[in-house]
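# Secondary and tertiary structure notes
Chain by chain, the residues:
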Amino acid sequence: MSTPLRYHTTDEIDQKYALLSKTFKSGTTRPLAYRRRQLLQLARCMQENIKAFEDAVLSDIGKPRLESNQGEIGSSIAGALYAADNLEEWSKPEKPFVKGPVRDKWDASVYKLPKGLVLVIGPWNYPYILTIGPLVGAIAAGCTCVVKASELSPASATVMCELFPKYLDPNAYSFVNGAVSETTHLLDLKWNHILFTGSVKTGQIVAAAAAKHITPVTLELGGKSCALIDPDFDEIEVAARRILYGKQQNTGQLCVSPDYVLVPRAKYDDFVAGLLKAYKEFWPNGPFHEEIGWGKIVNAAHHARLRDLLARTKGEIVIGGEFDGDKRIALTIVKNVQLDDALMEDENFGPILPLVAVDDLNDALRVMNTLYVDSGTHSILTQSGSLVINDTFVQLSVIEIPFGGQGRSGYGGWYGKDSYDTFTHRRSSIHVPVDMEPQLQLRYPPYNEEKYQLASQNSRVKIPDV
């Protein structure tokens, strides 16, 4: 898109906020038929404008059409259709089993209610799936929603702002564009839930702003997602190919991209050889060859940051390291990287893959909590938002499981039903019949020993032996 990104004024933001608040209070978004129609319209918008969406993200960061279609557009359409197909089942009240003899007559229920007006703040690296994906959950839950796309992907933000209002109810769903000032104004408003995807630093700002209003937050943040080679794993070439595949997605600008690899010393040389073999298979003429379509680093500042990391590393560059002005960096594999190296200071978020040698599995687990594991078993002890065994990146293709971080990588999750759950309030309800009054007499004063014996039965139950 050639149209420059127009920022919304604070007055426009306030008007949108007031309109969407009014719409939610009116009950417009609550009927399942309405929600289903909006979900189908969202999918239709993306399907009927595939080229426009592809062109926009290609303009922003040079993302190949295959990656943007498969990983963003197709996934967003699939997510909307999945929610539309399962909406009735997800929305059914739950009737938990309640043990008698009195409480089982109270019709204990859990009802699924929309939280209200919610805010989604999306990132620049995957501007559709990480923005539209949460919007799908908000629509399915019956919320109204303001979407703030990243100003660092101006073409993608523009195309969303222009196209979605033509398909979705503009009184219920609105797109806002802006930078720090506009986002700060959004965060000053009271929301019923905020879902933010981005850096740890900005996530802390979002969480602090939300705390002023006691607003629940879902934070999808970055982190040094580690890949680990199990010492007992023998398919080293497969591991190398799959790790390199995950690293090259969006030129490494992805929060679940393998940030570095922990490699047993006994497997180290074979793994390096496997990476070199895969590298030459993927890019026989180098990543910058005109037929490859190697993506761009988002801006000059990020490009300079990555160049600085490569200038300061004390590791040895195995392959890569070339620059194309201030736009592109070839995927660079660096071996003999120590834990105090510049490449290990923070999340790299770019096409640089450091290789760290470890003595054994216990040594590896001491280094860092792990995301990706190449192993023949599921028994590796890890602590991370997700765990992928024998691959990288593909957990994002399984809509039936949540996507979310842990610790400094954030909290909460979304995707598929978990997106619906994120924006849904589970309201518990009981209905105590009036004709049960005789059975409730023991709870009323005046208390006496007989009432005490009846009321304290739970404290005297037999506890099983260990």
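Bear in mind that the values here come from a model prediction, so they are computed numbers and not experimental data. (Residues numbered from 1 in each chain as written. Predicted model: local features only at pLDDT ≥ 70, side-chain atom pairs only at ≥ 80, totals over all residues. Heavy atoms only, no water.)

Quick look at the pattern of salt bridges now. Tallied over the entire structure, the rule returns 20 salt bridges. Residue Lys92 is joined to Glu89 by a salt bridge in which the shortest nitrogen-to-oxygen separation is 3.1 Å. Where Glu345 meets Arg312, a salt bridge forms, and the shortest distance between an N and an O atom there is 3.1 Å. Separated by 33 residues along the polypeptide, Glu345 in the loop between strand 12 (332-335) and strand 13 (352-358) and Arg312 in helix 11 (residues 300-312) bring together distant segments of the chain. Judged by its relative accessible area of 53%, Glu345 is exposed. Assessed through its relative accessible area of 37%, Arg312 is described here as partly exposed. Taken together, the salt bridges that share partners define one network made up of Lys51, Glu54, Asp55 and Arg65. (Salt bridge = Lys/Arg side-chain N within 4 Å of Asp/Glu carboxyl O. Helix = DSSP H or I, 4+ residues; strand = E, 2+ residues; numbered from the N terminus. Buried < 20%, exposed > 50% of the residue type's maximum accessible area, 1.4 Å probe, protein only.)

In this section: the sheet that holds strand 6 (residues 217-220). One open sheet holds the six strands; their spatial order is 4-3-2-5-6-16, and the pairing between them is mixed. One side of each edge strand has no neighbouring strand; the edge strands of this open sheet are strand 4 (173-176) and strand 16 (410-411). Two elements, strand 2 (residues 117-121) and strand 3 (residues 144-148), share five bridges in a ladder whose sense is parallel. Bridge assignment links Ile121 to a residue of strand 3, and that residue is Lys148. Across the face of the sheet, helix 1 (residues 10-26) comes into contact with strand 2, strand 3 and strand 4 while running at roughly 165° to strand 4. (Pairing = 2+ DSSP bridges. Contact = heavy atoms within 4.5 Å. Axes fitted to C-alpha atoms, helices over the stretch in contact; angles between N-to-C directions.)

Keep in mind these values describe shape, not function.
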